Amino acid sequence: DGFWNYVVTHCDFNSTDSKDITFIRSYYYNKLEIVRFDSSVGRYVRYTELGVKNAEAWNSGPEVVQMRNEKERYRVNNVGNDYRPAVTKS
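Basis of the calculations
Residues numbered from 1 in each chain as written. Predicted model: local features only at pLDDT ≥ 70, side-chain atom pairs only at ≥ 80, totals over all residues. Heavy atoms only, no water. Helix = DSSP H or I, 4+ residues; strand = E, 2+ residues; numbered from the N terminus. Buried < 20%, exposed > 50% of the residue type's maximum accessible area, 1.4 Å probe, protein only. Contact = heavy atoms within 4.5 Å. Areas by Shrake-Rupley, 256 points an atom, 1.4 Å probe, with all protein chains shown as cover. Core = buried A, V, L, I, M, F, W, Y, C linked by side-chain atoms within 4.5 Å. Patch = residues over 30% accessible without salt bridge, like charges linked within 9 Å, V, L, I, M, F, W, Y side chains within 5 Å. Salt bridge = Lys/Arg side-chain N within 4 Å of Asp/Glu carboxyl O. Phe/Tyr/Trp six-rings, centres within 6.5 Å; stacked < 30°, edge-to-face > 60°. Pairing = 2+ DSSP bridges. Axes fitted to C-alpha atoms, helices over the stretch in contact; angles between N-to-C directions.

1. Quick notes on the overall build of the protein chain
Move 1: The helix and strand inventory of the protein chain stands at two helices and four strands.
Move 2: Its helices and strands taken in sequence order, the protein chain reads β-β-β-β-α-α from the N to the C terminus.
Move 3: Counting over 90 residues, the protein chain shows a buried share of 33%.
Move 4: Taking all contacts inside the protein chain whose residues are at least 6 apart in sequence as the whole, residues at least 24 apart take part in 31%.
Move 5: Put simply, the protein chain shows about 6,200 Å² of open surface, and 49% of that area lies on carbon and sulfur atoms.

And the structure:
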């Protein structure tokens, strides 16, 4: 009972090159993805009617710049820590 609201952040990559890294932050409400930031697109993308207003507001505000920087700040600097062990085990 009640409502579920949660955020999932992940990174897809196949090398340590910045161009091969996609940073994704998905926002869910009641188990439905309503809006997502995708670094390959460079903005928030809506998936439901509820996500429309969020995406419009976030794409025109400082949130979109913050998410673009988030890929560089965290993911690009740390992807090597995940990539090297994965390659050596496969």
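The rest of the description comes next.
2. Section: the nonpolar core
Move 1: Phe23, Tyr27, Ile34, Val35, Phe37, Tyr44, Ala55, Val64 and Met67 form the largest nonpolar core, which has nine residues in total.
Move 2: Discounting residues that sit within four places of it in the chain, Tyr27 has contacts with Tyr6, Val7, Leu32, Glu33, Ile34, Val35, Tyr44 and Trp58.

3. Some remarks on a nonpolar patch on the surface
Move 1: Taken together, Trp4, Tyr6 and Val8 make up a surface patch of nonpolar side chains, about 290 Å² in accessible area.
Move 2: In this fold, Trp4 is placed in the segment before β1 (5-13).

4. Structural notes on the packing of aromatic side chains
Move 1: Taken as a whole and judged by the stated rule, the model has seven aromatic pairs.
Move 2: On the basis of an interplanar angle of 10 degrees and a centroid distance of 4.9 Å, the ring pair of Tyr6 and Tyr28 is categorised as stacked. Here Tyr6 is found in strand β1, whereas its partner Tyr28 is found in strand β2 (residues 21-29), with 22 residues between them in sequence.
Move 3: On the basis of relative accessible area, Tyr6 is assigned to the partly exposed category, the value being 32%.

5. So, the environment of Thr48
Move 1: For Thr48, the position within the fold is in the loop between β4 (43-46) and α1 (49-59).
Move 2: Given the relative accessible area of 23%, Thr48 is considered partly exposed.
Move 3: Residues Thr48 and Ile34 lie 14 residues apart in sequence; the distance between their C-alpha atoms is 5.0 Å.
Move 4: With sequence-adjacent residues up to four places away left out, Thr48 is seen in contact with Glu33 and Ile34.

6. Looking at the sheet that holds strand β3 (residues 32-38)
Move 1: One open sheet accounts for four strands, arranged β1-β2-β3-β4; its pairing is antiparallel. The sheet is open, and its two borders are formed by β1 and β4, each paired with just one other strand. Taking each pair of neighbouring strands and ignoring which way they run, the sheet shows an average axis angle of 20 degrees.
Move 2: Each of β2, β3 and β4 touches α1; the most contacted strand, β4, lies at about 165 degrees to it.

7. Describing the pairing of β4
Move 1: Relative to β4, β3 runs antiparallel, the two being bridged by four bridges. The partner of Phe37 across the bridge, within β4, is Tyr44.
Move 2: Hairpin geometry of β3 and β4 is characterised by an intervening segment of four residues between the two adjacent antiparallel strands and by a positive phi of about 85 degrees at Gly42.

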